[in-house]
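# Close look at the chain arrangement
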Amino acid sequence: MYGWIWRHLPGSAWIRALISLVLVLGVVFVLFQYVFPWAEPLLPFNDVTVDEGSGATP
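Computed from a predicted model, the values in this text were never measured in an experiment. (Residues numbered from 1 in each chain as written. Predicted model: local features only at pLDDT ≥ 70, side-chain atom pairs only at ≥ 80, totals over all residues. Heavy atoms only, no water.)

## Quick look at the overall build of the protein chain
Each helix and strand in the protein chain was counted, giving 2 helices and 0 strands. Looking at the 58 residues of the protein chain, the share that counts as buried comes to 3%. Summing over all exposed atoms, the protein chain offers an accessible surface of approximately 5,600 Å²; the carbon and sulfur share of this is 71%. (Helix = DSSP H or I, 4+ residues; strand = E, 2+ residues; numbered from the N terminus. Buried < 20%, exposed > 50% of the residue type's maximum accessible area, 1.4 Å probe, protein only. Areas by Shrake-Rupley, 256 points an atom, 1.4 Å probe, with all protein chains shown as cover.)

## Quick word on the UniProt feature "transmembrane region" (unreviewed entry) in the protein chain
In the numbering used here, UniProt assigns the "transmembrane region" (unreviewed entry) feature to residues 12–36. Within the segment residues 12–36, helix and strand shares are 96% and 0% respectively, and the terminal C-alpha atoms sit 34 Å apart. (UniProt positions renumbered as here; feature names shortened; annotations may be inferred.)

## Details of the packing of aromatic side chains
For the coordinates displayed, the defined rule picks out 1 aromatic pair. Measuring from ring centre to ring centre gives 5.2 Å for Phe 32 and Phe 36, while their planes differ by 90°; the resulting arrangement is edge-to-face. A residue pair is termed a helical-turn pair when its members lie 3 or 4 positions apart in one helix, as Phe 32 and Phe 36 do in helix H2 (residues 13–39) at 4 residues. (Phe/Tyr/Trp six-rings, centres within 6.5 Å; stacked < 30°, edge-to-face > 60°.)

## Description of a nonpolar patch on the surface
A cluster of nonpolar side chains, namely Val 24, Val 27, Val 28, Phe 29, Val 30, Leu 31, Phe 32, Tyr 34, Val 35, Phe 36, Trp 38 and Leu 42, defines an oily patch on the protein surface of about 1,200 Å² accessible area. Turning to its location among the elements, Val 35 is positioned in helix H2. (Patch = residues over 30% accessible without salt bridge, like charges linked within 9 Å, V, L, I, M, F, W, Y side chains within 5 Å. Salt bridge = Lys/Arg side-chain N within 4 Å of Asp/Glu carboxyl O.)

## Comments concerning the layout of surface pockets
Considering only enclosed or pocket space, the largest pocket measures out at about 180 Å³ in volume. Considering the residues around the largest pocket, the lining is formed by Met 1, Tyr 2, Ile 5, Trp 6, Ser 20, Leu 23, Val 24 and Val 27. In terms of residues, the lining of the largest pocket owes the most to one element, H2, which gives 4 residues. Considering only residue class, the lining of the largest pocket consists of 7 nonpolar, 1 polar and no charged. (1 Å grid on protein atoms, 1.4 Å probe; cavity = no way out; pocket = protein on both sides within 12 Å on 5 of 7 lines; lining within 4 Å. Points joined across faces, edges and corners; volume = space filled by probe spheres on them. Nonpolar A, V, L, I, M, F, W, Y, C, P; charged D, E, K, R; others polar.)

## Things to note about the environment of Tyr 2
Mapping Tyr 2 onto the fold places it in helix H1 (residues 2–8). By relative accessible area, Tyr 2 is classed as exposed at 67%. Sequence spacing of Tyr 2 and Ser 20 is 18 residues, and the spatial spacing of their C-alpha atoms is 9.9 Å.

In structure tokens, the structure reads:
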């Protein structure tokens, strides 16, 4: 897949590297701005099973 993308990018190796960097930064931006905030309520990280008052008291 990466080879296919690299072969289809225009320009020399330096231009391809710059375009690849911009594409990666764009994907990371979209993930952090849209995908992760959308998926966060669906993840069980805030489902706590320990009650605050059920621990051993000194």
